[in-house]
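Structural overview
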Amino acid sequence: PGSLFRAMACFAMRDIDLQPQLVRWPVLLAVFNPGVQIPGGAYATARVNGTRQGSTGARLDGIDIVQGLAPSLGLAVVPTNPDTVEEFRFVSSGAKAEYGHSAGGQIDMITRSGTSLWHGNLFEYHRNTALNANSFFNNTAGLARPVFLQHVFGASLGGPLRRDRRPDRLQSER
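Residues numbered from 1 in each chain as written. Predicted model: local features only at pLDDT ≥ 70, side-chain atom pairs only at ≥ 80, totals over all residues. Heavy atoms only, no water.

Topic: the overall build of the protein
When helices and strands are counted, the protein shows two helices and 10 strands. Listing every helix and strand of the protein by position from the N terminus yields β-α-β-β-β-β-β-β-β-α-β-β. Here the protein holds 174 residues, and 36% of them are scored as buried. Here the analysis covers contacts within the protein between residues at least 6 apart in sequence; of these, 60% occur between residues at least 24 apart. About 10,900 Å² of surface is accessible on the protein, with carbon and sulfur atoms providing 58% of the total. (Helix = DSSP H or I, 4+ residues; strand = E, 2+ residues; numbered from the N terminus. Buried < 20%, exposed > 50% of the residue type's maximum accessible area, 1.4 Å probe, protein only. Contact = heavy atoms within 4.5 Å. Areas by Shrake-Rupley, 256 points an atom, 1.4 Å probe, with all protein chains shown as cover.)

As structure tokens, this is what we get:
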């Protein structure tokens, strides 16, 4: 009897919040997995286990969300942010038959479900030059840190819109 080897990483809601992310996009959590190559730092052209660009599949609640014209890791049709994702799963090899159409990695995201109580959050995702370290090569050449400013504001709100109805979730990010 042969054994099946499956390389898979699964991030739960708390893990997603704690992972280092340059942008608020859970699809890019795939780059932290073994077998993912990022040529020249371009996340959208990432390859998994030597497959060609665009051979990675992505699904949100079981629905394919990869852009059909120019498929790539970072270009999913449905924009998601970490506040909408309950679970992120990345399969890089030994995938089951349900992932049959993509030769590279498989990304599965499951959205957060609501509750019968209202809950939400407000946030500012702030990055600037003073908080960043200089790169090794800039230090060697005696160059200053590059200027980088980023402010992302957002909010999420979840709960029932009507009593005894299914819970809904609203998200906004700028």
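Quick word on the nonpolar core
Counting residues in hydrophobic clusters, the biggest one holds 19 residues, and the most contacted among them are Phe 11, Ile 16, Val 36, Phe 88, Phe 90, Ile 107 and Met 109. Sorting the residues of this core by element identifies strand 1 (7–12), strand 4 (57–60), strand 6 (85–93) and strand 7 (106–111) as the ones contributing at least two each. Broken down by element, this core gets its largest block of residues, three residues, from strand 6. (Core = buried A, V, L, I, M, F, W, Y, C linked by side-chain atoms within 4.5 Å.)

Brief notes about the side chain of Asp 108
Tracing the chain through its elements places Asp 108 in strand 7. We classify Asp 108 as buried; its relative accessible area is 8%. Here Arg 59 takes part through its side chain, which lies 2.9 Å from a polar atom of the side chain of Asp 108. The contact partners of Asp 108, leaving out residues within four places of it in the chain, are Arg 59, Glu 87, Phe 88, Arg 89 and Tyr 99. (Polar contact = N/O pair within 3.5 Å; in protein donor to acceptor, adjacent residues only side chain to side chain.)

With respect to the packing of aromatic side chains
Given two aromatic rings, their pairing is described by the distance between the two centres and the angle made by the two planes. For the coordinates displayed, the defined rule picks out one aromatic pair. Residues Phe 136 and Phe 137 carry aromatic rings whose centres are separated by 5.3 Å and whose planes lie at 80° to one another, so their mutual orientation is edge-to-face. Like Phe 136, the residue Phe 137 is exposed in the burial classification. (Phe/Tyr/Trp six-rings, centres within 6.5 Å; stacked < 30°, edge-to-face > 60°.)

Thoughts on the pattern of salt bridges
Tallying each qualifying case throughout the model produces three salt bridges. Note that Arg 89 is salt-bridged to Asp 108, the shortest N-O span being 3.5 Å. In this pair, Arg 89 is assigned in strand 6 and Asp 108 in strand 7, connecting sequence segments 19 residues apart. Connected through shared salt-bridge partners, Arg 59, Glu 87, Arg 89 and Asp 108 make up one network. (Salt bridge = Lys/Arg side-chain N within 4 Å of Asp/Glu carboxyl O.)

Considerations on the environment of Pro 82
With respect to the secondary-structure elements, Pro 82 resides in the loop between strand 5 (63–64) and strand 6. Assessed through its relative accessible area of 4%, Pro 82 is described here as buried. Taking the C-alpha atoms as reference points, Pro 82 and Pro 26, 56 residues apart in sequence, are found 5.6 Å from one another.

Comments concerning a nonpolar patch on the surface
A contiguous nonpolar surface patch, about 340 Å² in accessible area, is contributed by Trp 118, Leu 157 and Leu 161. By the element assignment, Trp 118 lies in the loop between strand 7 and strand 8 (119–128). (Patch = residues over 30% accessible without salt bridge, like charges linked within 9 Å, V, L, I, M, F, W, Y side chains within 5 Å.)

Topic: the environment of Thr 51
Within the secondary structure, Thr 51 sits in the loop between strand 3 (47–48) and strand 4. Along the sequence, Thr 51 and Gly 104 sit 53 residues apart, while their C-alpha atoms lie 5.8 Å from each other. Setting aside anything within four residues of it in sequence, one finds Thr 51 in contact with Ala 103 and Gly 104. Reaching out from Thr 51, the side chain makes a polar contact with the backbone oxygen of Val 48 at a distance of 2.8 Å.

Focus: the confidence of the model for the protein
Averaged over the protein, the pLDDT score is 76; the fraction of residues at 70 or greater is 78%. Taken element by element, the protein is modelled with least confidence in strand 10 (residues 167–173), mean pLDDT 68, and with most confidence in helix 2 (residues 136–141), mean pLDDT 93. (pLDDT = per-residue confidence, 0-100.)

Section: the side chain of Asn 138
In this fold, Asn 138 is placed in helix 2. Excluding its chain neighbours within four sequence positions, the residues that come into contact with Asn 138 are Leu 143, Ala 144 and Pro 146.

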